[in-house]
Amino acid sequence: MSIRIALVGLLISALATNAQFSGGGCVNCGSASPYQQVSCVSGVDETTVLQTALNTSNVTPVIIVGPVPCGISAGLIVPANGIVVGHDVNAYESYEASFTPLPPFPSTQARTIIYSLASFPNTGGSLITVGNYSYIQGLTLMGPAVSGSFTPLANLTVNCINLVGSRFASFRDVFANGCNINWDMNSPESQTEGPILTNVRGSLGNYGIYGYNVYDPQITGSNFNANYKAGAYFYNLSAAKLTANTFENTQNSGGTGIGLEIDNSIIVSITGNKFENNYAEHLRLNADNAVSVSGKDRKSVV
């Protein structure tokens, strides 16, 4: 585990300085490169290029380098133990749904953006599906676009990230815009175990994040909102820690507009979270057991 963390640190350092690896910073690599670097071409379908690199991300980690956004027409798969790193320093920063991910960005950050091309299916599917023990950092993911304008649709069945019953996947500095973060809502026989989310933003989908049968998740310092139902929704959640997150600005387009909803769950700690500007309840708990709520900041009440 210590080698894995050190390698991720090396990748991030390379991104921060825009440096090319020169061969002097990898212990026991021999003649092999310590990572694969991928950059994209504007307006080109990069699905095959990205997937080819991701196929071996469990052996040689992948850096996706901006500033040119990467368009995809089909979902990508990160294998078990895969490592993928981009350049999105603070995913908590807010953006409008219609921002165009082309230079100049509405920020000083040189973002790594993966977006769905107009040919990406508007129903079902996921931009990225992850395997067990995978590590994803520094990506902005944008849902189905309208006529190539990069404006996310209010499409309710496309996922930015699908954890598909995975075990101990980790996400840091990830911005999911115009699509859901999905933990097996439609697969009750499958259990997602031990995901860790830090500085993650789920925005402008049906849900910001949702899941069915999620065990031992840790979600910290993240932000969730939605266009339709709930910023975050969980069913059969257990041994969960939700700490210092924001659930805000969830609207109601014929749905419910709840900030955070947890149903049929046990042993859940909700600590130091902020609830703001949600259409309906900020927090809804149904048929839960041993759920503790402390340090809640409710800035506005609807």
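Residues numbered from 1 in each chain as written. Predicted model: local features only at pLDDT ≥ 70, side-chain atom pairs only at ≥ 80, totals over all residues. Heavy atoms only, no water.

## Let's talk about the overall build of the protein chain
For the protein chain, the helix and strand inventory stands at 2 helices and 23 strands. A burial count over the protein chain gives 51% of its 302 residues as buried. For the protein chain, restricting intrachain contacts to residue pairs at least 6 apart in sequence, the fraction spanning at least 24 positions comes to 63%. Accessible surface for the protein chain amounts to roughly 12300 Å². Of this, 54% is attributable to carbon and sulfur atoms. (Helix = DSSP H or I, 4+ residues; strand = E, 2+ residues; numbered from the N terminus. Buried < 20%, exposed > 50% of the residue type's maximum accessible area, 1.4 Å probe, protein only. Contact = heavy atoms within 4.5 Å. Areas by Shrake-Rupley, 256 points an atom, 1.4 Å probe, with all protein chains shown as cover.)

## Topic: the environment of Glu248
Within the secondary structure layout, Glu248 lies in strand E17 (residues 246-248). With 18 residues separating them along the chain, Glu248 and Ala230 place their C-alpha atoms 9.4 Å apart. Contact partners of Glu248, with chain neighbours within four places excluded, come to Arg201, Asn223, Phe224, Asn225, Glu276 and Asn278. One polar contact links Glu248 to Asn223, side chain to side chain, over a distance of 2.8 Å. (Polar contact = N/O pair within 3.5 Å; in protein donor to acceptor, adjacent residues only side chain to side chain.)

## Structural notes on the side chain of Gln51
Looking at the element boundaries, Gln51 is found in helix H2 (residues 47-54). Looking at Gln51, its side chain comes within polar contact range of the side chain of Asn55, at 2.8 Å. Once residues lying within four places of it in the same chain are set aside, the contact partners of Gln51 are Gly75, Leu76 and Ile77.

## Some words on the confidence of the model for the protein chain
The predicted model of the protein chain averages 75 in pLDDT, with 69% of residues at 70 or higher. Within the protein chain, helix H1 (residues 2-17) has the poorest average pLDDT of any element, 43, and strand E4 (residues 76-78) the best, 96. Between residues 1-10, whose pLDDT stays under 50, and residues either more than four places distant or in other chains, the model counts 13 contacts. (pLDDT = per-residue confidence, 0-100.)

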